[in-house]
Amino acid sequence: MSGQSNKGTAVVTGASSGIGAVYADRLAGQGYDLVLVARRADRLEELAEKLRYAHGRKVSVISADLADDNDLRRIEQAISVDDSVTLLVNNAGLGGAQVVATADADVAERMIKVNVVALTRLTRAVLPGLIARNRGAIVNIASVLAFDTSFGGIYSGTKAYVVNFTEALQREVAGTEVKAQVVLPGATRTDFWEVAGSDIDSLPKEIIMTADDLVDAALVGLARGEAVTAPALADAAKLDTFLGARQAFYGSLHADKPAARYAA
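Basis of the calculations
Residues numbered from 1 in each chain as written. Predicted model: local features only at pLDDT ≥ 70, side-chain atom pairs only at ≥ 80, totals over all residues. Heavy atoms only, no water. Helix = DSSP H or I, 4+ residues; strand = E, 2+ residues; numbered from the N terminus. Buried < 20%, exposed > 50% of the residue type's maximum accessible area, 1.4 Å probe, protein only. Contact = heavy atoms within 4.5 Å. Areas by Shrake-Rupley, 256 points an atom, 1.4 Å probe, with all protein chains shown as cover. Lys, Arg positive; Asp, Glu negative; His and termini not counted. Charge placed at Lys NZ, Arg CZ, Asp CG, Glu CD. Expected span 1.5 Å × (residues − 1). Arc of directions from axis to C-beta. Pairing = 2+ DSSP bridges. Right-handed = clockwise from strand over helix to strand, strands pointing away. Salt bridge = Lys/Arg side-chain N within 4 Å of Asp/Glu carboxyl O. Axes fitted to C-alpha atoms, helices over the stretch in contact; angles between N-to-C directions. Parallel < 35°, antiparallel > 145°, perpendicular 65-115°, else oblique. Left-handed = near helix turned anticlockwise from the far one by under 90°. Nonpolar A, V, L, I, M, F, W, Y, C, P; charged D, E, K, R; others polar.

Draft legend 1. Up close: the overall build of the protein chain. If you tally the helices and strands in the protein chain, you get eight helices and nine strands. Viewed in the frame of its principal axes, the protein chain has a C-alpha envelope of about 75 × 45 × 40 Å. In the protein chain, which comprises 264 residues, the share counted as buried stands at 44%. The long-range share in the protein chain, meaning contacts at least 24 apart out of those at least 6 apart in sequence, stands at 68%. Working note: accessible area of the protein chain is about 13800 Å², and carbon and sulfur atoms make up 54% of it. Taken together, the 27 basic and 32 acidic charged side chains of the protein chain have centroids lying 4 Å from each other.

Right, dumping it as structure tokens:
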């Protein structure tokens, strides 16, 4: 058995490879039991067996497609009644550089269902229990492209939602022992790129991070209580400057009359 004390159960979506699989390994090593969610049942079972052997933790798997309403509700039901859940990692996501005019509408809808709808519903499924037990955390994996639309407005828009949703969630759990963290990966070497139809090797190698490094940094940020974790950001003051400027901008958007520059 692992020498770590049991920290409850961590639910990890998109767990069969990449960032999700690394989260699963690290969390099992920290003393969590696991519920792993992904579409590929064979890869989930293979990973689960490996983690049981390596860490001596209980590992359950749920093969499901988060874009499928029935599958999503099945997962919601399972995790909402599990009082052992102390951590949810909303990692599952779909990408692609589609522009609206030529995007396949069904592909776009599927991306929104996984990146936005599933993340929201799964968060809603576990949050009441976490608050009632006054323990635990929700980790939402967004993207640096939440702040840049060059990869296409559909994907960028879903990740901007994740950032704003998590920020509001942080306000909601303020004063409790429940944490909410949003993680901002940049280019990370996983099969996400191939699935999205992009070639990560077309990018400069000095901006490509490994999934192991990304997750290790994100877990350090979670342990420190960071609300926003940007593993590639060297100067943390830049985040404070950005958030402060955004708040000041918001404050300037309210008035009882239109600005003089709109006078007829």
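Don't stop here, the text continues.
Draft legend 2. Structural context of the environment of alanine 24. On the secondary structure map, alanine 24 appears in helix H1 (residues 18–30). Excluding anything up to four places from it in sequence, alanine 24 contacts Leu34, Leu36, Leu47 and Leu51.

Draft legend 3. Quick look at helix H7 (residues 211–223). Its 13 residues place the ends of H7 18 Å apart at the C-alpha level, agreeing with the 18 Å of an ideal helix rising 1.5 Å per residue. Along H7, the residues classified as buried are Ala211, Leu214, Val215, Ala218, Leu219, Gly221 and Leu222. Considered in projection along H7, the buried side chains sweep an arc of 155 degrees and stay on one side of the axis. The positive-phi residue at the C-terminal boundary of H7 is glycine 225, with phi of around 80 degrees.

Draft legend 4. Region of interest: the pairing of strand E1 (residues 9–13). Counting buried positions along E1 yields five of five residues, so the element is predominantly enclosed. The two faces of E1 match: Thr9, Val11 and Thr13 on one face and Ala10 and Val12 on the other face are all buried. In the sheet, E1 pairs with strand E2 (residues 33–38) via five bridges, with the strands oriented parallel. Residue pairing in the sheet places threonine 13 in a bridge with valine 37 of E2. Once the chain exits E1 it traverses H1 before rejoining the sheet at E2, and the crossover so formed is right-handed. Here E1 pairs with strand E4 (residues 85–90) via four bridges, running parallel. Its bridge partner lying in E4, valine 12 is registered against valine 89.

Draft legend 5. Looking closely at the pattern of salt bridges. Applying the stated criterion to the full structure yields 12 salt bridges. In this structure, arginine 74 engages aspartate 71 in a salt bridge whose closest nitrogen and oxygen atoms are separated by 3.2 Å. Of this pair, arginine 74 and aspartate 71 both sit in helix H3 (residues 69–80), three residues apart, which is roughly one turn of the helix. One connected set of salt bridges, linked through shared partners, spans Asp25, Arg26, Asp212 and Asp216.

Draft legend 6. Focus on the packing of H3 against helix H4 (residues 105–133). Taken N-terminus to C-terminus, the directions of H3 and H4 make an angle of 25 degrees; their axes are 8 Å apart at the nearest point. Accordingly, the angle class assigned to the pair H3 and H4 is roughly parallel. In this structure, H3 crosses over H4, and the sense of that crossing is right-handed. Residues Asp69, Leu72, Arg73, Ile75, Glu76, Ile79 and Ser80 of H3 form the contact with H4, whose participating residues are Lys113, Val117, Ala118, Arg121, Leu122, Ala125 and Val126. In terms of residue class, the contact of H3 with H4 is built from eight nonpolar, one polar and five charged.

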